[in-house]
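Reading the structure
Listed here are the chains, written in short residue letters.
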Amino acid sequence: MLIPMSVQLQFGESPILCEATVPLEPVELSEVLPAFRLIADQLIDAAIDKAASENKAVSCKKGCGACCRMAVPVSEPEAYRLRSVVDAMPEPQKSRVQERFALGMEVFGRTGLLTNMFQRVSGEEEEQSAMAKLDAYYATGVACPFLEDESCSIYDERPLICREFLVTSPAENCANIDGAGVERLPTLARPGDALILIASNPNEKRIASMPMIQILEWTNEHPNQPEANPGPEWMGLFVQTLQTKANNSI
Ligand code: SF4
């Protein structure tokens with residue numbers, strides 16, 4: 001049974017009221033994704049409106065897939081969800097997408113780049129090493145397996161990070177590996193990060209996310225999702241994490 005929830009987030013002087021429905025019964029975190037996406041979309045719309053009031057417009061458009069060649073961090077719950085999206089694809093699309101995943105994994109298997117790609121970093125050295133890995137990933141030019149004709153073929157199912165990664169700088173700047181000239185839309189909060197945090201064990205260095213190219217291999221190796229909780233409980237955790245992170249960045 002789905003129940004409606006209203007949540008209020010406060011960013012400085014600006015309150016944002018979001019509406020979503022969540023399952024009342026205990027469910028795996030991936031089952032609450034539709035509600036998290038609704039909240040993310042509302043926060044992103046608010047950020048776009050704010051940018052427009054400063055005469056800035058989002059320059060991302062259909063046919064520009066530069067950011068889909070980055071190491072896109074996908075949370076574990078989203079990996080399970082995307083796995084089921086691939087499994088449900090009709091042929092020949094399914095085989096085509098699976099083949100792209102396999103080819104990408106072959107490229108990265110040779111480099112060792114994917115090992116511990118996303119984890120908590122401490123100190124300048126670890127931070128620089130993490131940045132170098134991201135640059136090296138981008139330099140391979142391997143695209144997200146869901147990118148078709150430079151557009152997202154799973155637009156409604158795309159992860160939170162894909163929804164919130166928008167730029168206001170010229171689209172051609174996104175091809176710069178070092179990010180020069182790229183101006184990212186400032187969002188009031190980062191729903192993608194909040195989801196990764198609530199799925200992660202706070203005592204582990206590893207965080208509950210992986211580069212997109214790894215999701216099929218990872219879900220093969222980890223077929224079972226962790227604990228189930230009632231939908232309102234997951235939503236409470238998500239909102240609390242979003243708000244805490246936003247407060248810390250003000
Ligand atoms: S899921 Fe879609 S938007 Fe996200 S990286 Fe892949 S192709 Fe791009």
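For clarity, every value in this text was computed on a predicted model and none was experimentally measured. (Residues numbered from 1 in each chain as written. Predicted model: local features only at pLDDT ≥ 70, side-chain atom pairs only at ≥ 80, totals over all residues. Heavy atoms only, no water.)

A few points about the pattern of salt bridges
To keep things clear, this is the line we draw: Here, a salt bridge means any side-chain nitrogen of Lys or Arg that lies within 4 Å of a carboxyl oxygen of Asp or Glu. Strands are runs of DSSP state E lasting at least two residues, helices are runs of H or I lasting at least four, and both sets are numbered from the N terminus onward. Each residue's exposure class comes from its accessible area (1.4 Å probe, protein chains only) as a fraction of the maximum for that residue type: buried when under 20%, exposed when over 50%, partly exposed otherwise.
In this structure the tally under the stated criterion is 11 salt bridges. Linking Arg 163 and Asp 41 is a salt bridge whose minimum nitrogen-to-oxygen distance equals 3.5 Å. Here Arg 163 is found in helix 5 (residues 160-164), whereas its partner Asp 41 is found in helix 1 (residues 33-53), with 122 residues between them in sequence. Taking the relative accessible area as the measure of exposure, Arg 163 reaches 6% and is therefore buried. Close ionic contact of Arg 83 with Asp 87 constitutes a salt bridge, the shortest N to O distance being 3.3 Å. Of this pair, Arg 83 and Asp 87 both sit in helix 2 (residues 76-87), separated by 4 residues, roughly a single helical turn. In this structure Asp 87 comes out as partly exposed when scored by relative accessible area, which is 38%.

Description of helix 4 (residues 123-140)
To keep it simple, the criterion reads: A helix is expected to reach a length of 1.5 Å times the quantity of its residues less one.
Along its 18 residues, helix 4 runs 27 Å from first to last C-alpha, staying within 8% of the 26 Å computed at 1.5 Å per residue. Positive phi appears at Gly 141, one or two residues downstream of helix 4, with a value of about 75°.

So, the packing of helix 1 against helix 6 (residues 191-199)
Here is the rule: In this analysis an axis means a line fitted to C-alpha atoms, helices contributing only their contacting stretch, and an angle means the value between N-to-C directions, from 0 to 180 degrees. Throughout, a residue-residue contact means that at least one pair of heavy atoms, one from each residue, lies within 4.5 Å. Residue type decides the class: Asp, Glu, Lys and Arg count as charged, Ala, Val, Leu, Ile, Met, Phe, Trp, Tyr, Cys and Pro as nonpolar, and the leftover types, Gly among them, as polar.
Between helix 1 and helix 6, whose axes approach to 10 Å, the crossing angle comes to 150°. Where helix 1 abuts helix 6, its residues Leu 33, Phe 36, Ala 40 and Leu 43 lie against Pro 191, Leu 195 and Ile 198. Grouping the amino acids of the contact of helix 1 with helix 6 by side-chain chemistry returns 7 nonpolar, no polar and no charged.

Let's talk about the pairing of strand 2 (residues 14-23)
How we decide: A pair of strands counts as paired when DSSP detects no fewer than two bridges linking them.
Relative to strand 2, strand 1 (residues 2-11) runs antiparallel, the two being bridged by 10 bridges. Its bridge partner lying in strand 2, Ile 3 is registered against Val 22. Between strand 1 and strand 2, which pair antiparallel in sequence order, lie 2 residues; one of them, Gly 12, sits at a positive phi of approximately 60°.

Some details on the packing of aromatic side chains
As a reminder, the rule being used: Two rings belonging to Phe, Tyr or Trp (six-membered ring only in the last case) form a pair when the distance between their centres is within 6.5 Å. Interplanar angles under 30 degrees mark stacking, angles over 60 mark edge-to-face geometry, and anything in between is tilted.
Overall, the coordinates contain 4 aromatic pairs when judged by the stated rule. With a centroid separation of 4.0 Å and 20° between ring planes, the pair formed by Phe 36 and Phe 238 is classed as stacked. Of this pair, Phe 36 sits in helix 1 while Phe 238 sits in helix 8 (residues 231-249), placing them 202 residues apart in sequence. A relative accessible area of 0% means that Phe 36 is categorised as buried. Taking the centre distance of 5.5 Å and the plane angle of 75° together, the rings of Phe 101 and Phe 146 count as edge-to-face.

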